[in-house]
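The chain contents come next:
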Amino acid sequence: MQGIGLRPKVQVSADGWGMVGHAGARLLADLADATGLSAAYSTALRPLRPRGTGHDPGRIATDLAVMLADGGEAIADLAVLRDQREIFGPVASTPTAWRLLADTDEAALASLRAARASAREVAWMQAAENGEGIPAARAGGRELPGLVLDLDATLVTCHSDKEQAAPTYKGGFGFHPLLCFLANTGEAVSGRLRPGNSGANTAADHITVLDQALAQIPDAHRHGTDILVRADSAGSAKAFLAHVRGMRKRGIRTFFSVGYAITEPVRRAVRAVPDRLWHPALDQDGTLRDGAEVAELTGMVDLDGCCPAGTRIIVRRERPHPGAQLSLFDQDEGLRHQVFLTDTPSCGGGSAQFLEVRHRGHATVEDRIRCGKSTGFGRFPSRDFGVNAVWLELSLAAIDLLAWMRVLLLDAELVTAEPKTLRYRLLHVAARLTHGGRHLRLRISATWPWRHELATAFHRLAALPRPAG
């Protein structure tokens, strides 16, 4: 039997000096400065700084966003930055941060959103300067033209009685925020905090979140670029689809791809489709999807009065995977069916097969939400609803910082890495601080596996063009 090697014995003391933890988080703080987010936050929150004294409210907001991007879960986690003043500078105390959140009213919250939009414009311009630009979303082995917005709601459980927390449709208790992510980069462009009993298919909330998302997109991309809006069946409300179509009158080329409930007319249409009109479905890499077929039901289901003119209806059927939730219709047919609506015309590559795999790409929003819950909005800190709404906005900024870091500063597999991976490999690394030649040097361990990736990211950050002023 081979013996198990012993670890070397160590003695532990708390008297070290010159070392910093979470050194990679400085990359996020500097990125907030480079994109103008810090300065925009300072301008937005200037009215909350009495007589110009104390901590800059914009800097506090930036530090909170950096802390959330770094994996912090509570305002008290600012101590990770505050207790390492030599690298992060002066950071507000926990009570000061609390007061800022409490003082941020609806007008200030709107200013924070506008500040984030201005920083996004700078980040996208920096990406263009680097020659990469905003990456295209992909589906079926092809790049999708323009931008893709994914809307979805999620449940956040609250273990205490918070303002406007309410029972949820799944029997829990908490909030039911509605969110919108940009599929191209993973940016969290908008979000709305809602009570737990809010309807999943509330058209007014979908319209508000979509409008806020479009306001986040820089003018050069919002006008003249195709923007696909994807949602599950909660987004199939007549008013919401009419709003998406109506944006074209304002010069915004929006299209929709939303789930649709399987009603009795849909069931009859599915049963009436001849076998020769069912075509093999595609996987996301463009290959054929085993056991799945697609058919178009346009003209077989009456959509007049519930959908804009030109709406198409498409269905996919496939053998159910183990554990799939099946309706009585699915059990009767022995296949799982999913239906969606889209107003993408058939000309120009809008085949039913491609549109179906494009719509199925909406499922990635579940991963965005899962990662977002580990970046701030999985836990809300206050009993006050207004404070929690500001917390949600700052968590969206934290998600944006991580997305901009991937687009502007990283390579290879880290471009698609989730926040947990980025924290483990880059953000939480320890380093030594040294002084010399009037410079502060951050020395990453020579044995750390991702030292070169982190050092390269800092070098690229230093080379980014800065916004004027």
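Each remark here, short or long, concerns the structure printed above.
Colleague: So what exactly am I meant to see when it comes to the overall build of the chain here?
Modeller: Helix and strand content of the chain: 17 helices and 17 strands. A compact globule built from 469 residues would reach a C-alpha radius of gyration of about 23 Å, and the chain, at 25 Å, matches this within 12%. Considering only contacts within the chain whose residues lie at least 6 apart along the sequence, 68% involve residues at least 24 apart. Accessible surface for the chain amounts to roughly 22500 Å². Of this, 52% is attributable to carbon and sulfur atoms. Treating the 55 positive side-chain charges of the chain as one cloud and the 51 negative ones as another, the clouds have centres 3 Å apart.

Colleague: Would you mind going over the sheet that holds strand β5 (residues 156-157) with me for this structure?
Modeller: In sheet architecture, strand pairing relies on hydrogen bonds along the backbone and comes in two forms, parallel and antiparallel. Spatially, the three strands line up as an open sheet ordered β5-β7-β6, and their pairing is antiparallel. The open sheet has two free edges, formed respectively by β5 and β6 (166-167), since each of these has just one partner strand. Bridge count between β5 and strand β7 (residues 173-175): two bridges; the pairing is antiparallel. Bridge pairing in β7 links T157 to G174.

Colleague: I would appreciate a short explanation of the sheet that holds strand β16 (residues 431-436) in the present structure.
Modeller: Across the sheet, which stays open at both edges, the three strands sit in the order β1-β16-β17 with antiparallel pairing between neighbours. Two strands in the sheet have a free side with no partner beyond their single neighbour: β1 (19-20) and β17 (439-444). Here β16 runs beside β17; their pairing, made up of six bridges, is antiparallel. Paired with R432 across the strands is R443, a residue of β17.

Colleague: Mind showing me how you'd approach the pattern of salt bridges here?
Modeller: Note that side chains of opposite charge can pair when their charged atoms are close. Overall, the coordinates contain 30 salt bridges when judged by the stated rule. In this structure, the salt-bridge partner of R113 is E393, at a minimum N-O distance of 4.0 Å. Note that R113 is positioned in helix α7 (residues 106-129) and E393 in helix α15 (residues 385-409), a separation of 280 residues in sequence. Taking the shortest distance from any N to any O, the salt bridge between D400 and R116 comes out at 2.7 Å. Pair noted here: D400 is in helix α15 and R116 is in helix α7, with a separation of 284 residues, a long-range link. R116 gets classed as buried once you look at its relative accessible area, which sits at 1%. Connected through salt bridges with shared partners, the residues R113, R116, R120, E187, E393 and D400 form a single ionic network.

Colleague: Hey, could you run me through helix α1 (residues 25-34) in this one?
Modeller: In an α-helix, one turn spans 3.6 residues; hence positions three or four apart end up facing the same way. α1 sits mainly inside the fold: eight of its 10 residues count as buried. Residues A25, L27, L28, A29, D30, L31, A32 and A34 constitute the buried set of α1. Phi turns positive one or two residues past the end of α1, at G36, with a value near 85 degrees.

Colleague: Just to check I follow, could you spell out the packing of helix α2 (residues 37-44) against α7 for this structure?
Modeller: The relative placement of two packed helices comes down to the angle between their axes together with the axis-to-axis distance. Look at α2 against α7: their axes get within 9 Å of each other, and the N-to-C directions meet at 155 degrees. Classed by the angle they form, the pair α2 and α7 counts as roughly antiparallel. Seen along the crossing, α2 lies across α7 with a hand that is right-handed. Touching L37, A40, Y41 and A44 of α2 are S111, L112, A115, R116, S118 and A119, all from α7.

What counts, and at which threshold
Numbers given for residues are sequential positions, taken from 1 along each chain in its written order. Note on the predicted model: pLDDT of at least 70 is required for a residue's local features to be given, and 80 or more for side-chain atom pairs to be given and counted; whole-chain, interface and lining totals, by contrast, use all residues. Side-chain figures throughout are based on the complete set of non-hydrogen atoms in the structure, without hydrogens or water. Each helix corresponds to a stretch of at least 4 residues labelled H or I by DSSP, and each strand to a stretch of at least 2 residues labelled E; elements are numbered beginning at the N terminus. For a compact globule the rule gives 2.2 Å times the number of residues to the power 0.38, and the radius of gyration it is set against comes from C-alpha atoms. Contacts: residue pairs with any heavy atoms within 4.5 Å of one another. Accessible surface area values rest on a Shrake-Rupley calculation with a 1.4 Å probe, where residue burial reflects the displayed protein chains alone. Neither His nor the chain ends contribute to the count of charged residues, in which Lys and Arg are positive and Asp and Glu negative. To locate a charge, take NZ of a lysine, CZ of an arginine, CG of an aspartate or CD of a glutamate. At least two bridges found by DSSP between two strands is the condition for calling them paired. By definition, a salt bridge exists where a carboxyl oxygen of Asp or Glu is found within 4 Å of a side-chain nitrogen of Lys or Arg. Burial classification: accessible surface area is computed with a 1.4 Å probe over protein chains only, and a residue below 20% of its type maximum counts as buried, one above 50% as exposed, and the rest as partly exposed. Throughout, an axis means a line fitted to C-alpha atoms (over the contacting stretch in the case of helices), and angles, computed between N-to-C directions, take values from 0 to 180 degrees. Oblique is the label for any angle not covered by the other classes, which are roughly parallel (under 35 degrees), roughly antiparallel (over 145) and roughly perpendicular (65 to 115). For a crossing to be left-handed, the near helix must be turned anticlockwise from the far one by less than a right angle; the clockwise case is right-handed.

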